Amino acid sequence: MTADLLSELTVRARRAAHARGDDCACAAAPLAQRPDATVVRHGPTVAKAHAPGSTAGDLAPRLALAAALPAVLLPPLSPTPVALHGRPVTFWPYGTPVDPEDPAAAPWEAAGALLAALHRTPAPDSLPPMRGPAKAARAIARLREEAPGHPAAGPVLRAWETLPPWARDERPMPDTTTVCHGDLHLGQLVRHPAPDGSWRLIDVDDLGTGVPAWDLARPAAWYACGLLPPEEWTRFLDAYRGADGPAVPPDGDPWSALDVPARALTAQTAALAITKAVAADRALDEVEQALIDACARMCPVSPQLTTSFAK
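A short tour of the structure in this document, coming up. (Residues numbered from 1 in each chain as written. Predicted model: local features only at pLDDT ≥ 70, side-chain atom pairs only at ≥ 80, totals over all residues. Heavy atoms only, no water.)

1. Considerations on the nonpolar core
Ranked by size, the top nonpolar core spans 84 residues in total, and within it Val156, Leu201 and Leu216 carry the most contacts. Per-element tally for this core: the top contributor is helix H8 (residues 255-279), with 10 residues. Each residue touching Val156, except ones within four places of it in the same chain, is listed here: Ile140, Leu143, Ala267, Ala270, Ala271, Ile274, Ile292 and Cys295. Counting residues in hydrophobic clusters, the runner-up holds 10 residues, among them Ala49, Leu84, Val89 and Phe91. (Core = buried A, V, L, I, M, F, W, Y, C linked by side-chain atoms within 4.5 Å. Buried < 20%, exposed > 50% of the residue type's maximum accessible area, 1.4 Å probe, protein only. Helix = DSSP H or I, 4+ residues; strand = E, 2+ residues; numbered from the N terminus. Contact = heavy atoms within 4.5 Å.)

2. As for the pattern of salt bridges
Enumeration according to the criterion identifies 13 salt bridges in this entry. The shortest N-O distance in the salt bridge between Arg142 and Glu146 comes to 3.3 Å. Placement of both Arg142 and Glu146 in helix H4 (residues 132-146) is noted, with a separation of 4 residues, approximately one turn of the helix. The shortest N-O distance in the salt bridge between Arg144 and Glu161 comes to 2.7 Å. Of this pair, Arg144 sits in helix H4 while Glu161 sits in helix H5 (residues 153-161), and the two are 17 residues apart along the sequence. Take Glu161: its relative accessible area is 44%, and that puts it in the partly exposed class. Bridged by salt links that share partners, the residues Arg131, Lys135, Asp183, Asp206 and Arg218 form one connected network. (Salt bridge = Lys/Arg side-chain N within 4 Å of Asp/Glu carboxyl O.)

3. Topic: the pairing of strand S3 (residues 45-49)
Of all the 5 residues making up S3, 5 are buried; the element is thus mostly covered by neighbouring parts of the structure. Where strand S2 (residues 37-42) hands over to S3, the hairpin turn is made up of 2 residues, of which Gly43 adopts a positive phi near 55°. (Pairing = 2+ DSSP bridges.)

4. Details of the state of the cysteines
Between two cysteines, a covalent bond joining their sulfur atoms is known as a disulfide. With the rule as written, the count across this model stands at 0 disulfides. You can see Cys26 has no disulfide; the closest cysteine sulfur is in Cys24, sitting 3.9 Å from it. The partly exposed category is assigned to Cys26, whose relative accessible area is 29%. (Disulfide = S-S within 2.5 Å.)

5. Focus: the packing of H5 against H8
Direction vectors running N to C along H5 and H8 enclose 150°, while the axes themselves pass 9 Å from each other. It follows from the interaxial angle that H5 and H8 lie roughly antiparallel. Along this stretch, H5 crosses H8, giving a crossing that reads as left-handed. Contacts between H5 and H8 involve Ala153, Val156 and Trp160 from the former and Ala264, Ala267, Ala270, Ala271 and Ile274 from the latter. Looking at the contact of H5 with H8, its residues break down into 8 nonpolar, no polar and no charged. (Axes fitted to C-alpha atoms, helices over the stretch in contact; angles between N-to-C directions. Parallel < 35°, antiparallel > 145°, perpendicular 65-115°, else oblique. Left-handed = near helix turned anticlockwise from the far one by under 90°. Nonpolar A, V, L, I, M, F, W, Y, C, P; charged D, E, K, R; others polar.)

Given below as structure tokens:
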């Protein structure tokens, strides 16, 4: 099924890029092959098969919002998904991604400004909750199922249990009016038009309403774990605040808003690291161990620990 999906998605991407069926010499290649997404590029067009179980109804309000915010989100080529092997497929213009080999050029300022603009956007009534907490809960469930006896699983699961119910996807989020991306990281930015247009956010699968601090939580967690240099964290946070982002206070200590989401993202990322290491039959690497160590520092929760985790 995976090979058939990839092959047919490649054909669909070519058709979308060349509606008249002309011969071409376009670059064509898979961009991602994961259980939750298969993505293929053909020249200026990208076709994405979304996760099994997702529906056109799930995507419709998210696609509509992306189309309505072309200065913030990469707009789809069509607002209506098509079906392929029971999965919705969407089509997008190709954008130039962040270069992972040039961390100094990472667009932290653009990421902060784009998030602030997204968070200030009035939420359409049809927009569902953002899926950040649900994805974190799935990562923890996978850890419990696939690697409960791993030596690092205990600190991660204990850290998870210190979180409030909304962050564990056990209760509704306390904010239901703010538009959030739901899965922000540097891989979610591209330049459009390629190769050197303005930065745009991509990937609407988790887009929805919720706690906006969740969108700042991954870089916040990396910073707190010592994986993101302070100057890069400051560039991102200052850009967000400078664009009037509502997730954190306009000045002063931001951690009253960031602490819970950052803890949740740390536990989620650590859980995924363990299950991937177990699947590959390898030891945790240095970065993964740093995440486990951060989870261990979260327990038990205390005012002193909050200060420590926030650097």
